[in-house]
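# Remarks on the overall topology
So the chains spell out like this:
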There are 2 protein chains.
Amino acid sequence: MTETRLRFGILGCANIARKVSRAILLSPNTTISAIGSRSLEKATAFASENRFPESTNVYGSYDSVLEDPDVDAVYVPLPTSLHLRWAVLAAEKKKHVLLEKPVALNVGELDAILEACESNGVQFMDATMWMHHPRTQMIKQVILSDEQRFGQLKSVHSTFSYVGEGDFLKNDIRVNPNLDSLGALGDAGWYCMRAILWAHDYDLPKTVTAFRDPEYNESGVILSCGASLNWEKDGKVATFYCSFLSNLCMDLIALRTRGNFRVHDFIIPFNEKVGSFEAVANSRWTELGCAPEPSEYTIATDLPQEALMVQEFARLVHGIRGGKAKPEKKWAVISRKTQLVIDAVVASIKNGFVPVEVVY
Amino acid sequence: MTETRLRFGILGCANIARKVSRAILLSPNTTISAIGSRSLEKATAFASENRFPESTNVYGSYDSVLEDPDVDAVYVPLPTSLHLRWAVLAAEKKKHVLLEKPVALNVGELDAILEACESNGVQFMDATMWMHHPRTQMIKQVILSDEQRFGQLKSVHSTFSYVGEGDFLKNDIRVNPNLDSLGALGDAGWYCMRAILWAHDYDLPKTVTAFRDPEYNESGVILSCGASLNWEKDGKVATFYCSFLSNLCMDLIALRTRGNFRVHDFIIPFNEKVGSFEAVANSRWTELGCAPEPSEYTIATDLPQEALMVQEFARLVHGIRGGKAKPEKKWAVISRKTQLVIDAVVASIKNGFVPVEVVY
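Rules used throughout
Residue indices follow the written sequence of each chain, beginning from 1 at its first position. For this description, chains carry letters from A and ligands carry numbers from 1, given in the order in which they are written. Local features in this predicted model are restricted to residues of pLDDT 70 or higher, and side-chain atom pairs are both shown and tallied only at a pLDDT of 80 or more, whereas totals for entire chains, interfaces and linings draw on every residue. Calculation of side-chain values draws on the structure's entire complement of heavy atoms; hydrogens and water are dropped beforehand. Copy-to-copy superposition: least squares on the C-alpha atoms, limited to residues that have pLDDT of at least 70 in both copies. Stacked, tilted and edge-to-face are the three classes applied to pairs of Phe, Tyr and Trp rings, where Trp contributes its six-membered ring and a pair requires centres within 6.5 Å; stacked means planes under 30 degrees apart, edge-to-face means over 60, and tilted covers the rest. Helix and strand definitions follow DSSP, with helices as H or I runs of at least four residues and strands as E runs of at least two, each counted in order from the N terminus. We call a residue buried when its accessible area falls under 20% of the maximum for its residue type, exposed when it is over 50%, and partly exposed in between, using a 1.4 Å probe and counting protein chains only. Only lysine NZ and arginine CZ atoms are considered, and such an atom sits over a ring when it is within 6 Å of the ring centre and within 35 degrees of the ring normal. Two strands pair if DSSP finds at least two bridges between them. A fitted line through C-alpha atoms represents every axis, and for helices the fit uses only the stretch in contact; the resulting angles, taken between N-to-C directions, go from 0 to 180 degrees. Only heavy atoms enter the contact rule, under which two residues are in contact if any of them lie within 4.5 Å. The rule for a salt bridge is simple: a side-chain nitrogen of Lys or Arg has to be within 4 Å of a carboxyl oxygen of Asp or Glu. Pairing of N or O atoms within 3.5 Å defines a polar contact, subject to two protein rules: one partner must be a possible hydrogen donor and the other a possible acceptor, and residues neighboring in sequence count only if both atoms are side-chain atoms. All residues other than Ala, Val, Leu, Ile, Met, Phe, Trp, Tyr, Cys, Pro, Asp, Glu, Lys and Arg, Gly among them, are scored as polar; the first ten of these are nonpolar and the last four charged. Domain borders in the structure are assigned automatically or taken from a domain database. In short, buried area is how much 1.4 Å probe accessible area vanishes from two parts on joining, totalled over both.

As annotated in an unreviewed UniProt entry, chain A carries the name Gfo/Idh/MocA-like oxidoreductase N-terminal domain-containing protein and comes from Deinandra increscens subsp. villosa.

Shown next, in the form of structure tokens:
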């Protein structure tokens, strides 16, 4: 049986929508049927520049996309402050929701979005692309799940930094207090938090303690920050650092009792077709040094991670539409846990870098 | 003029003394003239096993080494709790002091050692070997000193972990509360702290805040811990994690505003003859990803880093003995700063993980 392609409507013309639109067109089970922007002209140009199908409906509003019966699902790359309104409206119109990260300004807003998705029977997924790279599954299966060989998890460190160029630090959506008030924490820190939780099989930390040196722009939006996460069992600890002020770094390092692994580009692989990581187990001291050296592992992928993401999203939706399955809750739970830790970092910073408990 | 070789006396037969003895015999300006242990039998066996020169004086006490007129300098690999007594006595006997790390149980003890060295005009150096690897100088000169290309330092993360095998966690000197009460913090954390300070050009952090999850053995000695270091200027922050319970990891990552570098074996290079590191500058977002990828740099060394260390120590001593120079104070200052940060971590843990100010 040949499944029809899942038809996406795109809300807005954000830069990231270029990459995800390409992914929707690359994925074998999806296509684009509509795009809406507050400016019809902008939407028209965007559709043309990104080689949308001729048949794409182009609108001068987001509402029109949601009203379009040719739209099965929406991809929402709008500023975070608009997620609550448009994700909820989309769900109410029975559109499945692929939502850019950070998914919400806080867990209260996210809960309203998740509630709308659940009560309308639509699939929710956040657009955390690296989760869908085969490298991610490989590390999970080969290393994180192999307690016999790699032992128990002890420590994770995750970094995402990049330099906000030109007037980014003043004028970009990601540092505008009315649009993306979480700043670097929501944009870059989201990935760090997700990676830490992923490495911990989504076991939430007990407390989160922010580092004392966040940086802010003139509007008070975070440009760099970090925190330690504490499980208060088995000595498990994690740290993250995120920044718009440091040169690109996308490191993830996990230490286990018998082995460890490292990824240097966990968020966006330097090579779209090949992901790599380093791992080592059972290191020993030798007469003069230590061995073995970490080994490099690579895994190829025909589709880029963002195309694998929309493909998986479409697979879930097809199951729902075929009456074979209910919406997969996993993605809502993972998003909510990520948001909870983000919220705890915010609270820790606001309260003078005290430890903040994380409760699901 | 051919300089005579600096003649070392070795205090004790610790495991690490095997490597440093080899280094003293490898370095072109040093030799071994004496070894002392509480057991003459043990000292004799150690000298034989490690191919000490035939002329080496072998003693059944540490005192005898200090009394030996053929000894110019001592290498002190004794348990940390014995450093105060034996380093001070050595200085009083006008022996130059190469002291294993951690140099002391606290900065008060270290100050007594440094005072003894200074008032007796002898050179002090701690045995932090990686400081003397040409890779270390290369990173400093090429990256850390090139503000034009790499920008300002923002964040450093440093890890040293290894698995204490067998009965290590119960019985090794490094976890004995009467011998090395600083445990993993003193043994492994020392390197992390030194690396962080080195990357910051020895600018001390303003505060240190320990993570909430240290692990201890039955005697209350630290087996794993970490902390965040905060400069409270320009958003500078550093983190470290040290452990006897996680598989070998020796990572150092520094993020700067325009570039960064990474070393995976900064403490003991996997290859004794070649050190490598990764660095990248001016990373940029591209249409679909980011570039350039970090580059790998390598630097060869004929002598292992521990031989370069004793060679440099001997060079300084020869300057003093030739009347050309006074003892180089740099190493005392660096040791003291490292110890101060260690002490602050201890204080933060003891006081419930509060921020502790670091004052020189």
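Read on for the rest.
Turning next to the relation of the copies chain A and chain B. When chain A is fitted to chain B, the residual RMSD is 0.0 Å, and the transformation amounts to a turn of 180° plus an axial shift of 0.0 Å. A rotation of that kind, with that shift, is consistent with a two-fold axis.

Moving on to the packing of aromatic side chains. Counted by the stated rule, this structure contains 28 aromatic pairs over all chains. Ring geometry for Tyr-162 of chain A against Phe-244 of chain A: centres 5.3 Å apart, planes inclined by 55°, an arrangement best described as tilted. With Tyr-162 of chain A in the loop between strand S7 (153-161) and helix H8 (168-171) and Phe-244 of chain A in the loop between strand S11 (237-243) and strand S12 (252-256), this residue pair connects regions lying 82 residues apart in the sequence. Judged by its relative accessible area of 0%, Phe-244 of chain A falls in the buried class. Here a set of aromatic residues connected by ring pairs shows up, and it is made of Phe-160, Tyr-162, Phe-168, Tyr-191 and Phe-244 of chain A together with Trp-285 of chain B. Above the plane of the ring of Tyr-360 of chain B lies Lys-337 of chain B, whose end atom (NZ or CZ) is 5.8 Å from the centre.

Now for the sheet that holds strand S5 (residues 96-99) of chain B. Residue and element names in this part refer to chain B. Taken in spatial order, the 6 strands make up an open sheet running S3-S2-S1-S4-S5-S6, and their pairing is parallel. Of all strands in the sheet, those bounded by a partner on one side alone are strand S3 (57-59) and strand S6 (124-126). Each adjacent strand pair in this sheet contributes to an overall mean axis angle of 25°, direction not counted. Here strand S4 (residues 73-76) runs beside S5; their pairing, made up of 4 bridges, is parallel. By the bridge assignment for S5, Ala-73 is matched with His-96. In the packing of helix H4 (residues 83-92) onto the sheet, contacts are made with strand S1 (6-11), S4 and S5, and the angle to S5 comes to roughly 155°.

Between chain A and chain B, the contact holds 61 residues from the first and 61 residues from the second. Put simply, chain A and chain B have 8 salt bridges between them. One salt bridge connects Glu-215 of chain A with Lys-154 of chain B, and the closest N-O pair in it is separated by 2.5 Å. Where chain A meets chain B, there are 28 residue pairs in polar contact (both at pLDDT 80 or more). Among the elements that take part in the side of chain A that touches chain B, S7 of chain A stands out by supplying 6 residues, more than any other. Of the residues contributing to the side of chain A that touches chain B, the split by class is 23 nonpolar, 19 polar and 19 charged.

Next up on the list: the domain arrangement of chain A. All names here are of chain A. Along its sequence, chain A is organised into domain 1 (6-129) and domain 2 (130-305 + 339-357). The C-alpha centroid of domain 2 is placed 27 Å from the C-alpha centroid of domain 1. It is Lys-101, Thr-128 and Met-129 that lose the most area in domain 1 upon contact with domain 2, and together they represent 33% of the buried surface on that side. In this structure, the connection of domain 1 to domain 2 is made through 3 salt bridges. The tally of links between domain 1 and domain 2 comes to 15 residue pairs in polar contact (both at pLDDT 80 or more). Among the elements of the structure, helix H1 (15-26), helix H5 (107-119) and strand S6 (124-126) are those that each provide at least two residues to the side of domain 1 that touches domain 2. The greatest single-element share of the side of domain 1 that touches domain 2, amounting to 3 residues, is contributed by H1.

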